[in-house]
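Breakdown of the fold
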Amino acid sequence: GAKSSFEEYVITWRLIQILQAISALVFFFYPQFYFKNIEKNKNFVIKIQNLIIFGLIIISIIILIAKPLLDLIFKYHFNYVVLIVLLLSEIVRLSAGIINTKFSFYMKNRVLLYTLSISVIFMFFTWLILFLYHHALTSLDISLGLLSCFGIYFISTYLMSMRLGNAKPALIKD
């Protein structure tokens, strides 16, 4: 795509790294919490998991509300649509990662490989379709490809967790 479109994507992705930094902390501490407490108090673990996902959504909303201020601070006018799509992508990716914690607990690493493989293949075909339609990939196209990848990752993770009886999705209560 155009050089300016690539620049827009890269700069917007840098803003998304605020959410990634927070999620890195979550992924550092959450698996330890999960493994330590899942057998003792499953409902509490599910509540914390849902609270983390809710917190990520709130942080994303704060980033969107603070966009005008961030435009001033970074001296760049962020595209709302690209920003929203990238924030959604990151929330979906992080939610799937949290759900995948249980696969590590039950040693189902093959499930992770399947869900990631399906997701990357789907993203490739999304980008191919968008490229054939536009004859170039814009920052929005790249963002939509990532959203499709992480969306399929979340859906396949969720479906696989339902299929593996002993690893029910945490979003469904017993």
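Within each chain, residue numbers correspond to sequence positions counted from 1 in written order. It should be noted that, the model being predicted, local features are given only for residues of pLDDT at least 70 and side-chain atom pairs only at 80 or more, the latter also being counted only at that level, while totals for whole chains, interfaces and linings use all residues. Hydrogens and waters are ignored; side-chain quantities use all the structure's heavy atoms.

Before going further, it helps to examine the environment of Phe74. By the secondary structure assignment, Phe74 is in helix H3 (residues 67-74). Residues Phe74 and Leu15 lie 59 residues apart in sequence; the distance between their C-alpha atoms is 9.4 Å. Here a helix means four or more residues in a row that DSSP labels H or I, a strand means two or more in a row labelled E, and each is numbered from the N terminus.

Of note, Gly55 is situated in helix H2 (residues 42-65). We call a residue buried when its accessible area falls under 20% of the maximum for its residue type, exposed when it is over 50%, and partly exposed in between, using a 1.4 Å probe and counting protein chains only. Taking relative accessible area as the criterion, Gly55 reaches 25% and is therefore assigned partly exposed. In this structure, the C-alpha to C-alpha distance between Gly55 and Ile91, residues 36 residues apart in sequence, is 10.0 Å.

With that settled, the discussion passes to the nonpolar core. Core analysis: the largest hydrophobic core is formed by 29 residues, its most contacted members being Tyr30, Leu86 and Leu146. Contributions of two or more residues to this core are made by helix H1 (3-37), H2, helix H4 (80-105) and helix H6 (139-163). In terms of residue count, H1 provides more of this core than any other element does, eight residues in total. Once you skip the residues sitting within four places of it in the chain, Tyr30 turns out to touch Val45, Ile48, Gln49, Ile52, Ile98 and Thr101. By nonpolar core is meant a set of buried Ala, Val, Leu, Ile, Met, Phe, Trp, Tyr and Cys residues that side-chain atoms within 4.5 Å join together. The contact rule is simple, with two residues in contact once any of their heavy atoms fall within 4.5 Å.

On to the confidence of the model for the protein, then. Think of pLDDT as the predictor's per-residue confidence, scored from 0 to 100. Scored by pLDDT, the protein has a mean of 79; 86% of the residues are at 70 or more. Predicted confidence in the protein is weakest over H1, with a mean pLDDT of 78, and strongest over H2, with 88. Segment residues 165-174: pLDDT under 50, and 25 contacts once partners within four positions in sequence are set aside and those in other chains are kept.

For the rest of this paragraph, the subject is the pattern of salt bridges. Should a side-chain nitrogen of Lys or Arg be within 4 Å of a carboxyl oxygen of Asp or Glu, the pair is scored as a salt bridge. Evaluated as defined, the whole model comprises two salt bridges. Close ionic contact of Lys67 with Asp71 constitutes a salt bridge, the shortest N to O distance being 2.5 Å. Taken together, the positions of Lys67 and Asp71, both in helix H3 and four residues apart, correspond to about one turn of that helix. Classification of Asp71 as buried rests on a relative accessible area of 13%.

Before going further, it helps to examine the packing of H2 against H3. For the pair H2 and H3, the least separation of the axes is 5 Å and the interaxial angle reads 65 degrees. Contacts from Ile63, Leu64 and Ile65 of H2 reach H3 at Lys67, Pro68 and Leu70. Axis definition: a line fit to C-alpha positions, over the contact stretch in the case of helices; interaxial angles, taken between N-to-C directions, run 0 to 180 degrees.

As a further point, take the side chain of Thr126. Secondary-structure assignment places Thr126 in helix H5 (residues 109-134). Residue Thr126 is classed as buried on the basis of its relative accessible area of 17%. Under this definition, polar contacts are N or O atom pairs within 3.5 Å; protein pairs additionally need one hydrogen-donor-capable and one acceptor-capable atom, and for neighbouring residues in sequence, both atoms have to be side-chain atoms. A polar side-chain atom of Thr126 sits 2.9 Å from the main-chain carbonyl oxygen of Phe122. Those residues in contact with Thr126, other than ones at most four positions away along the chain, are Leu144, Gly145 and Ser148.

In this section: the packing of aromatic side chains. Here the aromatic set is Phe, Tyr and Trp, taking the six-membered ring for Trp, and pairing holds for ring centres within 6.5 Å; pairs whose planes are under 30 degrees apart are stacked, those over 60 apart are edge-to-face, and all others are tilted. Going through the model one piece at a time under the given rule, you end up with seven aromatic pairs. Between Tyr76 and Phe78, the aromatic rings sit 5.3 Å apart at their centres with planes inclined by 70 degrees, giving edge-to-face as the arrangement. For the pair Tyr76 and Phe78, a shared accessibility class is recorded, and that class is buried. Ring geometry for Phe124 against Phe125: centres 5.4 Å apart, planes inclined by 70 degrees, an arrangement best described as edge-to-face. Using a relative accessible area of 48% as the deciding quantity, one classes Phe124 as partly exposed. Judged by relative accessible area, Phe125 falls into the partly exposed class, the value being 46%. The structure contains a cluster of three or more aromatic residues connected by ring pairs, namely Tyr30, Phe33, Tyr34, Phe35 and Phe44. A cation over a ring is seen here: Lys67 above Tyr80, with NZ or CZ 4.7 Å from the ring centre. Counting as a charge over the ring demands two things of the Lys NZ or Arg CZ atom: a distance within 6 Å of the ring centre and an angle within 35 degrees of the ring normal.

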